[in-house]
Every structure is written in C-alpha cells, then in structure tokens.
Amino acid sequence: NKKVVLRHYVTGFPKESDFEVVTGETVSLKVPEGSGAVLVKNLYLSCDPYMRGRMTKHEDPSYVFDFTLGSAIVGYGVVRVVHSGKPNIAEGDLFWGMTGWEEYTLIENPESLFKIKYNDLPLSYYTGLLGMPGFTADVGFHEICSPQKGEYVFVSAASGAVGQLVGQFAKLMGCYVVGSAGSDEKVELLKNKLGFEEAFNYKKETDLKAALKRYFPEGIDIYFENVGGAMLDAVLANMRMNGRIAACGMISQYNLEKPEGVHNLFYLTTKRIRMQGFLVSDHYHKYPEFEDRVAQYVREGKIFYLEDIAEGLESAPAALIGLFSGRNVGKQLVAVSRE
Ligand code: NDP
C-alpha cells in the first residue's frame, strides 16, 4: 500500500523533501469483522491550502489536527468502496470525503463520507467543483457576501479551486467581476475562459492600491478574500460604503512564522464594512441542494471548471506544495487510480 507521509513537522515554506512516498505494508482488502468500517480504493486526492496547517506541530489545538508523522497524510478525496462492513454501503459505491494519501484506506467512520450522486460528470469534480472547494465558493459568496445584481466584486487567487467559481457565481448574478492571479497565463484564462470582466497579475503591480483603483474607479462592494496580507490592505482602501468581505482564507500568511500586520482595518468602521470569516464545514447540511444546483449548471454549460491533475502518488508532494508558489492552474488534484 503505497502512501505519502510527512517526514517531519514543517516551519516556513514546505518542500518536497518534507514528504516521502513509501511502500507501506500489504493491506487486507477486507474490513475487520463487525467493525462497521469500509475499505476504499483512493481514486483522486485533493490538494488544499488548509493542509499546510496540518504540517506544523501545534501546541494549542488548531481547527484541524496535525498530521501524524510516518502515517499516510489525510485529506479530501474521491474513493470507491472495495469492501464494506456497513449494510447500507455496497462494494463499488463512490464517495467523497476524508481519506488517506495512499492506495487503499480503511475508513472507520464512513458516516463522514458524502455519497456521490452524479456519474455523468467527471468524478474528479468531487475534489473541486462539486466537493469542498466548490461548496466553499457557494457558501462564501451567496451567504456570506449577500450579493446584489450589478455590484462590483473582486476575487483574489481568482483562478484557483475556489476563486474561479466565486467569479462565475458572481457573473451569473449579474455582478461586475475582477480577479487577481499570479501569472499572465492565469490572467488570460480568467478573462477568456472564466468570464471575468477584468483580471490582473498582482506580481507585476508595484502599487496594489492603485491597481485596484484602476479596475474599480467607483470602489469594491464585495471582496472574496483568499490571500490576506498586502492585498487585504489595498482592498480595504478601495472598498465602498456598506461593502462586504468574506474572509475565506489568507494563503499569503500560511508559511510565515510571523504573520504580516494589516494596517487599514479602521476602514471597516468608516465605510461600515462587514467582514466575516467562515468555515465550509459548518454548512455541510446544505450540501445536497448545492450538488443538484451546480451539477445542473455544468450540464447547461453555465459553469466551466479548470483542473490541474497530477498523475500518481509520486507526484503528490510536489502538487501539494505547488499551491504555495502558484504552480497550479485551476483546481490541483492527484489522480491515484482511474479505475
Ligand atoms: P487555490 O486553488 O487558489 O491554490 C492556491 C493559490 O493561492 C495558488 O495557486 C496561488 O495562485 C495563490 N497563492 C499562493 N501563495 C500566495 C501568496 N503568497 N499571495 C497571493 N496568492 C498566493 O486554492 P483554493 O482555491 O483551494 O483555496 C483558496 C483559499 O480559500 C485559501 O486561502 C484557502 O485556505 C481558502 N479556503 C477556505 C475554506 C474555508 O472553509 N474557509 C475552504 C477552502 C479553502 P496565484 O498564482 O494567483 O498566486
């Protein structure tokens, strides 16, 4: 059972050498009698920024658990049941949810898995568009941002797993949407494939505040925050009265030993801005409605989803750490097995 393990806890930017792909012990393809567990084959694994938090040893409990050194790291994935100890789960059933970065995983609490409803769409979509990141975009935009038709929306990390959907949801609502991303290739995709009105390469801008002023001469109503740091400061200075900021994530801070300060927070007061954080995991009870609605959007050609698929467990460490340098173009995932 080949698996990806973390060799030691990480400080600063993670490196490929922090991980190792090892051939583990042979696994029994049967679940222990009476355990109520399921044995699954891992098909696709999802690379997600929050996994950075698991690579560090925390003294105080974090919102996610630290990885266990030497064991397969864990994350979201798409799995097929090989053997089931549960009467309501059959061999061959497909699920998405928490699994191990390895070929086969024994899942002791299969109640935590989501049954995959649609097989007319690519299964890999259940790591992104129809999985945790897609649902994050939906909850974050529709519920946290309280959008109105015609509003000015800015999305950072806009070509990524979450951002590309936020922009498309905003377009479907009739908003004006601008995204930032870290390469000219991504900027082209945002404008020409994903339907953003405008996009810019933040790495080429010396003055982010001035760049945002250029794209939003009348200011920003909604900011979907994925990166934090200097971008947040620049956005705060460009927000309109009664604007809303969904604090989804702040990837620019995850590898810093000392987070950067934010200087412009007083604009929250003077411009009556509502800035709200959220965690997608608090909203999963609403997932079934999302799955139906968004699957239908895809079938109708209303939503397009960019994926970046790395092949095989050997390529998984590089794919995962690539999130922190922007190597991924679209949703980063790893194909472990296609059958
Ligand atoms: P992405 O697919 O967008 O991948 C991460 C991207 O972040 C990279 O491709 C890179 O794109 C950008 N990035 C990396 N480092 C920096 C940096 N220093 N400054 C600016 N941009 C950077 O990831 P996701 O769409 O999966 O996640 C987006 C955000 O949403 C993250 O902050 C994540 O933690 C958060 N999140 C929050 C959830 C919640 O429940 N609140 C759930 C899921 C995700 P580029 O080339 O543009 O720099």
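Everything quoted here is computed from the prediction, not taken from an experiment.

1. Observations concerning the site of the ligand
Contacts to the ligand come from 26 residues, most closely from Val 162, Lys 186, Tyr 202, Tyr 254 and Asn 328. A distance of 2.8 Å is found between an oxygen atom of the ligand and a backbone nitrogen or oxygen belonging to Val 162. Interatomic distance of 2.9 Å between a backbone N/O atom of Gly 182 and an oxygen atom of the ligand. Its free accessible area being 920 Å², the ligand has 90% of it covered by the protein chains. Of the residues assigned to the shell around the ligand, the class counts are 17 nonpolar, eight polar and one charged. Both domains that meet at the shell around the ligand, namely domain 1 (2-128 + 306-335) and domain 2 (132-281), each give it at least three residues.

2. Quick notes on the side chain of Arg 52
With respect to the helices and strands, the residue Arg 52 is situated in helix H1 (residues 51-54). Lacking a salt bridge, the buried Arg 52 has Glu 257 as its closest oppositely charged neighbour, with an N-O distance of 7.5 Å. Of the polar contacts made by the side chain of Arg 52, one reaches the backbone oxygen of Gly 12; its length is 2.8 Å. A distance of 2.7 Å separates the side chain of Arg 52 from the side chain of Thr 56, its partner in a polar contact. Not counting residues up to four positions away in its chain, the partners in contact with Arg 52 are Val 10, Thr 11, Gly 12, Pro 14, Tyr 254, Asn 255 and Phe 324.

3. Brief notes about the pattern of salt bridges
A full pass over the atoms with the stated rule returns 19 salt bridges. Across the salt bridge formed by Lys 86 and Glu 111, the nearest N and O atoms sit 2.9 Å from each other. Within this pair, whereas Lys 86 is found in the loop between strand E4 (74-84) and strand E5 (94-100), its partner Glu 111 is found in the loop between strand E6 (104-107) and strand E7 (114-115), the two being separated by 25 residues in sequence. The partly exposed category is assigned to Lys 86, whose relative accessible area is 24%. Of the charged contacts, one joins Asp 292 and Lys 117 as a salt bridge, the two residues approaching to 2.8 Å between their closest N and O atoms. With Asp 292 in helix H8 (residues 287-299) and Lys 117 in the loop between E7 and helix H2 (132-144), this pair connects stretches of sequence that are 175 residues apart. Salt bridges linked by common partners bring Asp 138, Glu 289 and Arg 293 together as one network.

4. A few points about helix H4 (residues 184-192)
If you check which residues of H4 are buried, you get Lys 186, Val 187, Leu 189 and Leu 190. Taken end-on, H4 shows its buried residues confined to a sector of 160 degrees, consistent with a single buried face. Tucked inside the fold, the buried residues of H4 contact strand E9 (176-181) and strand E10 (198-201).

5. Regarding the domain arrangement of the chain
Domain parsing of the chain yields domain 1 (2-128 + 306-335) and domain 2 (132-281). Each of domain 1 and domain 2 has a C-alpha centre, and the two are 28 Å apart. Buried surface at the junction of domain 1 and domain 2, both sides included, amounts to about 1,500 Å², of which 63% is carbon and sulfur. When the buried surface of domain 1 facing domain 2 is broken down by residue, Gly 128, Leu 306 and Val 329 rank first, second and third, together holding 31% of it. Viewed at the interface, domain 2 and domain 1 are joined by zero salt bridges.

About the cut-offs
- Residues numbered from 1 in each chain as written.
- Predicted model: local features only at pLDDT ≥ 70, side-chain atom pairs only at ≥ 80, totals over all residues.
- Heavy atoms only, no water.
- Near = heavy atom within 4 Å.
- Polar contact = N/O pair within 3.5 Å; in protein donor to acceptor, adjacent residues only side chain to side chain.
- Areas by Shrake-Rupley, 256 points an atom, 1.4 Å probe, with all protein chains shown as cover.
- Nonpolar A, V, L, I, M, F, W, Y, C, P; charged D, E, K, R; others polar.
- Domains from an automatic or database assignment.
- Helix = DSSP H or I, 4+ residues; strand = E, 2+ residues; numbered from the N terminus.
- Buried < 20%, exposed > 50% of the residue type's maximum accessible area, 1.4 Å probe, protein only.
- Lys, Arg positive; Asp, Glu negative; His and termini not counted.
- Salt bridge = Lys/Arg side-chain N within 4 Å of Asp/Glu carboxyl O.
- Contact = heavy atoms within 4.5 Å.
- Arc of directions from axis to C-beta.
- Buried area = accessible area lost by both parts, 1.4 Å probe.

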